[in-house]
Amino acid sequence: MALTTYEEIVNNFSTPTFVLAGPGTGKTYLLADRITRLLRNGVNKEKITVLTYTTDANQNMKETLTDQTGHFKLNFHELPNISTMHSLALTIVQEDPHSVNLLKTDLQVQGNEKIKRLIYRDAALILGLTEESSEEARECKQYGDCNQNPDRERCGICIKYWEIMSKCNRVDFDDQILFACKILEKSPTILKKYQLQAEHLLIDEYQDINTAQFRLIELLSRGKRKGLFVVGDDAQSIYAFRGGDPKFILRFQEDFLGSEIGKLNISRRCHENIMNDAFKVLEKYYTDWYGRPNIQFSVECGDQPYIYHVPSEITEARIVANIAKSAIQEKKDVLILAPKKGFFPLIIKELSKRCLYSDCQVSFLPKRIEIANRFLAWVEGPSNNFLTRLVIEDLINIGLAKVPGANKKKLKSEKSLYKRIEEETEIAKIWELVNKDSNFFNVVQQLEKANTTIVKIRDGLNSLLTAYSDHGEDPGEFAKQLSFVSGIWSDPLKLSQDICDVVRLLDSQIPVITGTVQLRTMRKAKGLQATVVIIVGLENDIIPDPDSNSDVVEQARLFYVSMTRAKESLYLFHSYRRPRGISYGPEWSDKQRSEFLDVLGRKSEWKGFRKNKK
Ligand SMILES: [Zn+2]
């Protein structure tokens, strides 16, 4: 039996409940409403656990509940346990870290993707295996465990990886969930404790969970299944690269027998013309979809999404900035979405010319700044194993100890490839000597049979440290050493360029009353909304990108999520030309518009072309 009305959904306490909640249908409100009703019915807040996917969503939930001008008006001390799935998992790991080879003191989470890849590669090289095999092993993360990965039972690379992580007393982002499950399965006492706290277990964004997260939810709700209440939308599943899988929604009723399903059917964000176009994309590509829901609209209908064909990326940035400017003047908020970061520098430039401010991210800055920042962090904490490992990678990629092959695909000769792998292996093996008394840098210092590369690394790092500790006496020396050792700013012009970029970034972040422009990659669009949404770069080799690690179905869902951020106006751009490096295809001119736009069934409007040309 399905739950047909909102009241039936929010008040269903007799079976596990799944609520299908499309974009802008008020799922945060529903969860907050359920929590408030539980509390008003006298349920102890200690028996309610609410799990969100991101920290933003977590914050948002708390604000919705405690907003004293809002609907629920709870006090902070009344709030139940609201956390992200990962932070709950970490709390569980801290109950018994020894059983997963970690120590309680100074146990920290390692969330850096770059470090994860590097340590996986090191683990493979130590075992005499290849970098490719380390990439395959890394897929174990999507399942939470090698044992759950259909392609590999217990793999040596993961075991070696955990050995290194254990030496550093760090748990990586995904392993928090895996280790929490292991601990719960091993200890009935700890399991009981967390099950009691989760007698009412509310879960947001159920479409994003992976195998390990499902295992955690199953364990926690085993004590009292009818308290399980999850909301999600399989059409918004965009995290396959992290193992997120809409199948968990599609099979909810098999996983939790006797469960009931409800749907939220009132669109409170997007109007009919935007939803209609967005549904067309899903209908064409996402064939496993539940199907177009019967939606009612509580918002006034507006224009159909505009599809603009522009001659070049420069014209695109100008028109985008003009649209943003008039929207901001009308006091409307603006969100600009791009398939990847590379689009933003040009757009930010055009926005600044029009005195518009954007919340552009530090990660949009040139890579050199990131590297400089890393070296600065390292001189302040050379005992940090991961930082040392990262700066050593910088040193062999572009710095003092450069070994060709930072990008292996660009290496022409077999011999240089062999040489590069040999050097990488030497560095990887240093981990074998790292222990509680001797950190990575200590080992580099003390290595007896060091090869030339490692000697260069050692000398470079030592001279940086010396210059840093002497910088009171000779302040210029450290900057000189930094650019020499790291290989950045060997051309002084680049340093001044970087300073300009940083200043521009800081400038663009000054908050103004008239409202700012939000800039995000499409992957980061979830949870956001704006009156005016602009999506750029909609060409066939960019989105869908045939080489992406997510398939065309997931990319179609990504486009769907992006489109449904818009409350009033949606602008979709594709360009005749796109510079290489941003465009993935071999052609940089006469580019085809995205097949996702074709599905909308309308021609593009020509914008910014000279009159005599077509
Ligand atoms: Zn594995």
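Before reading further, recall that the structure is shown in the block above.
Since this is a predicted model, take the numbers as computed values, not measurements. (Residues numbered from 1 in each chain as written. Predicted model: local features only at pLDDT ≥ 70, side-chain atom pairs only at ≥ 80, totals over all residues.)

## Points about the overall build of the protein
To keep it simple, the criterion reads: Each helix is a run of H or I in the DSSP string that is no shorter than four residues. Each strand is a run of E no shorter than two, and both are numbered from the N terminus. Radius of gyration: C-alpha atoms only; globule rule: 2.2 Å multiplied by the number of residues to the exponent 0.38. With C-beta atoms placed from the backbone, a residue is labelled by how many other C-beta atoms lie within 10 Å of its own: buried for 20 or more, exposed for 12 or fewer, partly exposed between the two. Throughout, a residue-residue contact means that the two C-beta atoms, derived from backbone geometry, are no farther apart than 7 Å.
Across its full length, the protein holds 25 helices and 16 strands. Computed over the C-alpha atoms, the radius of gyration of the protein is 26 Å, within 12% of the 25 Å expected from 2.2 N^0.38 for a compact globule of 614 residues. The burial tally for the protein puts 43% of its 614 residues in the buried class. Residue pairs in contact within the protein that sit at least 24 positions apart in sequence constitute 76% of those at least 6 positions apart.

## A short note on helix α2 (residues 27-40)
Cut-off, in case you're wondering: Here, expected helix span is obtained from the residue count minus one, scaled by 1.5 Å.
Over its 14 residues, α2 runs 20 Å from end to end, which matches the ideal 20 Å to within 8%, given 1.5 Å per residue. Turning to α2, its buried residues are K27, L30, L31, A32, R34, I35 and L38. Phi turns positive one or two residues past the end of α2, at G42, with a value near 90°.

## Examining the packing of helix α5 (residues 113-126) against helix α8 (residues 156-167)
Applicable threshold: Only the stretch in contact is used when a helix axis is fitted, and all axes are lines through C-alpha atoms; the angle between N-to-C directions ranges over 0 to 180 degrees. Left-handed describes a crossing in which the near helix is turned anticlockwise from the far one by less than a right angle; the clockwise case is right-handed. Amino acids outside the nonpolar list (Ala, Val, Leu, Ile, Met, Phe, Trp, Tyr, Cys, Pro) and the charged list (Asp, Glu, Lys, Arg) are all regarded as polar, and Gly is one of them.
Between α5 and α8, the shortest axis-to-axis distance is 8 Å and the interhelical angle comes to 115°. Relative to α8, the crossing made by α5 is right-handed. Every residue of α8 that contacts α5 at I119, Y120, D122, A123, A124 and I126 is listed here: I157, K160, Y161 and I164. Looking at the contact of α5 with α8, its residues break down into eight nonpolar, no polar and two charged.

## Side note on the environment of P579
Mapping P579 onto the fold places it in the loop between β15 (566-575) and α25 (595-598). Along the chain, P579 and S589 lie 10 residues apart, while their C-alpha atoms are 8.4 Å from each other. Every residue in contact with P579, bar those within four places of it in the chain, is listed here: E313 and W588.

## Topic: the packing of α5 against helix α19 (residues 414-429)
Just so we agree on the cut-off: By definition in this entry, angles of less than 35 degrees are roughly parallel, angles greater than 145 are roughly antiparallel, angles of 65 to 115 are roughly perpendicular, and the rest are oblique.
Look at α5 against α19: their axes get within 9 Å of each other, and the N-to-C directions meet at 100°. Classified by the angle their axes make, α5 and α19 are roughly perpendicular. Counting all contacts with α5, which are made through D122, L125 and I126, the residues of α19 involved are E424, T425, A428 and K429.

## Regarding the sheet that holds strand β8 (residues 260-264)
Spelled out, the test is: Note on pairing: two strands pair once DSSP finds at least 2 bridges between them.
Across the sheet, which stays open at both edges, the six strands sit in the order β3-β2-β6-β7-β1-β8 with parallel pairing between neighbours. This sheet does not close on itself; its edge strands, each paired only once, are β3 (81-84) and β8. When the angles between neighbouring strand axes are averaged without regard to direction, this sheet yields 15°. Pairing of strand β2 (residues 48-52) with β3 involves four bridges; the strand directions are parallel.

## Here's the deal with the pairing of strand β7 (residues 228-232)
Definition in use: Seen with its strands pointing away from the viewer, a crossover is right-handed if its path from the first strand over the helix to the second goes clockwise.
Burial analysis of β7 places five of its five residues in the buried class, the great majority of the element. Pairing geometry for strand β1 (residues 17-21) and β7, over four bridges, is parallel. When the bridges of β7 are listed, F18 appears paired with V230. One ladder, built from three bridges, connects strand β6 (residues 200-203) with β7; its direction is parallel. Among the inter-strand pairings, L202 is bridged to a residue of β7, identified as F229. Assessed by its sense of winding, the connection that carries the chain from β6 through helix α11 (residues 211-221) to β7 is right-handed.

## Concerning helix α3 (residues 55-66)
This is how it is decided: The arc refers to the directions leading from the helix axis to the C-beta atoms.
Along its 12 residues, α3 runs 17 Å from first to last C-alpha, staying within 8% of the 16 Å computed at 1.5 Å per residue. The complete set of buried residues in α3 reads A57, M61 and L65. Considered in projection along α3, the buried side chains sweep an arc of 70° and stay on one side of the axis. Set apart from the buried face of α3 by more than 90 degrees, the exposed residues are T55, Q59 and E63. Looking at the buried positions of α3, the neighbouring elements they touch are α2, β2 and β3.

## With respect to the environment of K591
With respect to the helices, strands and loops of the structure, K591 is situated in the loop between β15 and α25. Residue class for K591 comes out buried when judged on the 20 C-beta atoms lying within 10 Å of it. Through-space distance from the C-alpha of K591 to that of H574 is 8.5 Å; in sequence the pair is 17 residues apart. Ignoring sequence-local partners within four residues, the contact set of K591 consists of E539, S575, Y576, R577, R578 and S583.

## Overview of the sheet that holds strand β11 (residues 306-310)
The strands making up a sheet associate through backbone hydrogen bonding, with each pair oriented either parallel or antiparallel. Strands sit in the order β13-β12-β14-β15-β11-β16 across an open sheet of six strands; the sheet is parallel. Single-partner strands in this sheet number two, and they are β13 (517-521) and β16 (605-606). Sheet topology places strand β12 (residues 334-338) next to β13; five bridges connect them, and they run parallel. By the bridge assignment for β13, V334 is matched with V517.

## Focus: the pairing of β15
Summarising burial for β15: nine of the 10 residues are buried, a large majority. Sheet analysis places β11 next to β15, joined by five bridges and oriented parallel. The partner of I307 across the bridge, within β15, is L572. In this sheet, β15 lies alongside strand β14 (residues 530-535) in parallel orientation, the contact comprising five bridges. Within the sheet, the bridge partner assigned to A530 lies in β15 and is A566. Once you follow β14 into helix α24 (residues 552-563) and on to β15, the crossover reads as right-handed.

## Section: unusual backbone geometry
Cis geometry marks the peptide bond from I543 to P544; its omega dihedral reads -5°. Mapped onto the secondary structure, P544 falls in the loop between β14 and α24. Not every positive phi belongs to a glycine, and N101 is a case in point at roughly 60°. In this structure, N101 sits in the loop between α4 (85-93) and β4 (108-110).

## Observations regarding the nonpolar core
What counts is decided by this rule: Here a nonpolar core is just a set of buried residues of the types Ala, Val, Leu, Ile, Met, Phe, Trp, Tyr and Cys, joined wherever their C-beta atoms sit within 7 Å.
Within the largest apolar cluster, 104 residues are counted, with the highest numbers of intra-cluster contacts made by Y161, A180 and L216. Here this core takes eight residues from α5, the largest share from any one element. A240, I307, V320 and V533 belong to the second-largest nonpolar core, a separate cluster that totals 60 residues.

## What to know about the environment of G381
If you trace the backbone, G381 turns up in the loop between α17 (367-380) and α18 (385-397). Taking the C-alpha atoms as reference points, G381 and K114, separated by 267 residues in sequence, lie 19 Å from one another.

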